[in-house]
Amino acid sequence: MSDNTILVIDDEKDLIELVRYNLEKDGFRVVSAADGYKGLRLAKETRPDLVLLDLMLPGINGLEVCRSLKKNDETSNIPVIMLTAKGTEADIVVGLEMGADDYITKPFSPKVLVARVKAVLRTRLGRMEAEPKKLLKADKLTLDSEKHEVYIEDEPITLTLTEFKLLRYLMERRGRVLTRDQILNAVLGDETIVVDRVVDVHITSLRKKLGDYGSYILTVRGIGYKFRE
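Residues numbered from 1 in each chain as written. Predicted model: local features only at pLDDT ≥ 70, side-chain atom pairs only at ≥ 80, totals over all residues. Heavy atoms only, no water.

Undergrad: Could you clarify how one ought to interpret the overall build of the protein in this entry?
TA: When you go through the protein residue by residue, the secondary structure sums to eight helices and 12 strands. Looking at the protein residue by residue over its 229 residues, the buried ones come to 45%. Look at the contacts in the protein between residues 6 or more apart in sequence, and 57% of them connect residues 24 or more apart. Total accessible area on the protein is roughly 12,400 Å²; 50% of this is exposed by carbon and sulfur atoms. (Helix = DSSP H or I, 4+ residues; strand = E, 2+ residues; numbered from the N terminus. Buried < 20%, exposed > 50% of the residue type's maximum accessible area, 1.4 Å probe, protein only. Contact = heavy atoms within 4.5 Å. Areas by Shrake-Rupley, 256 points an atom, 1.4 Å probe, with all protein chains shown as cover.)

Next up, the structure:
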């Protein structure tokens, strides 16, 4: 099962429902928009893990949406798969030059679509793990991945390895709601003993050590946590 959120931007209602059905069946969460402007707004609000983007859209076309996503620091790292009936070589080249990560032409096989989505997400995860940001900042809180240190107003904060990994995971995904399972798998997956509510215990300890900055870690009732923007 996946906890990834997919944003589908397409003005064909039947296609959106087809894509939604097949992605949700595989465990993805799906949000959708029927025009380019709404799609851009949703991308900034929900910070999806991937965008499925049609080229022919009302309001603003898919190429412009892709260009806007890639130019904005808040959305530039979100992978984009173009989903369109325009399948000429020139269209494909233009879409990829705008920053699209893949290109699927209509009509398509739902199974192939899901497989391509998973492939792009795997590539993105590998890229994130291979090239983590060295410095993560929130006001006067700084996490240095290279030195493995955390500072508040230039004063070092002592964290356990798990607490450091937890804070880095949250800060790298600031603004996104992360389930306990996502955090467990990413941060605590190598622990030999995993008990119920172990994520909550680590969060509580981390908040205490961060002092006033502990309030940056927000509880999303019934789901998990997020690091506020």
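Having seen the model, we can carry on.
Undergrad: Teacher, can you tell me more about the packing of helix 6 (residues 161-172) against helix 7 (residues 180-187) here?
TA: Two quantities define a packed helix pair, namely the angle between the helix axes and the distance between the axes. Remark: helix 6 packs on helix 7, axes separated minimally by 10 Å, with the N-to-C direction vectors making an angle of 125 degrees. As the angle between them shows, helix 6 and helix 7 are arranged oblique. In this structure, the crossing between helix 6 and helix 7 has a hand that is right-handed. Touching Thr162, Lys165, Leu166, Tyr169 and Leu170 of helix 6 are Gln182, Ile183, Ala186 and Val187, all from helix 7. In terms of residue class, the contact of helix 6 with helix 7 is built from six nonpolar, two polar and one charged. (Axes fitted to C-alpha atoms, helices over the stretch in contact; angles between N-to-C directions. Parallel < 35°, antiparallel > 145°, perpendicular 65-115°, else oblique. Left-handed = near helix turned anticlockwise from the far one by under 90°. Nonpolar A, V, L, I, M, F, W, Y, C, P; charged D, E, K, R; others polar.)

Undergrad: Would you explain the layout of surface pockets in this entry?
TA: Empty space left among the atoms is revealed by rolling a probe the size of a water molecule over them. The space that makes up the second largest pocket amounts to roughly 340 Å³. If you trace the second largest pocket, you find 17 residues lining it, with Asp3, Thr5, Arg29, Thr46 and Val177 closest to the centre. In the lining of the second largest pocket, the residues fall into three nonpolar, seven polar and seven charged. (1 Å grid on protein atoms, 1.4 Å probe; cavity = no way out; pocket = protein on both sides within 12 Å on 5 of 7 lines; lining within 4 Å. Points joined across faces, edges and corners; volume = space filled by probe spheres on them.)

Undergrad: What exactly am I supposed to notice about the packing of helix 6 against helix 8 (residues 198-210) here?
TA: Closest axis-to-axis distance for the helix 6/helix 8 pair is 10 Å, and the angle between their directions is 85 degrees. Regarding the angle of helix 6 to helix 8, the classification is roughly perpendicular. Of the residues in helix 8, those in contact with Thr162, Glu163, Leu166, Leu167 and Leu170 of helix 6 are His202, Ile203, Ser205, Leu206, Lys209 and Leu210. Of the residues in the contact of helix 6 with helix 8, the class split is six nonpolar, three polar and two charged.

Undergrad: Is there a simple way to explain the packing of aromatic side chains in this structure?
TA: Two numbers describe a pair of aromatic rings. These are the distance of the centres and the angle of the planes. Overall, the coordinates contain two aromatic pairs when judged by the stated rule. Relative to Tyr216, the ring of Tyr213 has its centre 5.2 Å away and its plane inclined at 35 degrees; by these criteria the two rings are tilted. Like Tyr216, Tyr213 is buried. Between the aromatic rings of Tyr216 and Phe227, the centroid separation amounts to 5.6 Å while the plane-to-plane angle is 45 degrees, which identifies the pairing as tilted. In this pair, Tyr216 sits in the loop between helix 8 and strand 11 (217-220) while Phe227 sits in strand 12 (residues 224-227), placing the two residues 11 residues apart along the sequence. As far as the burial class goes, Tyr216 and Phe227 line up, both buried. (Phe/Tyr/Trp six-rings, centres within 6.5 Å; stacked < 30°, edge-to-face > 60°.)

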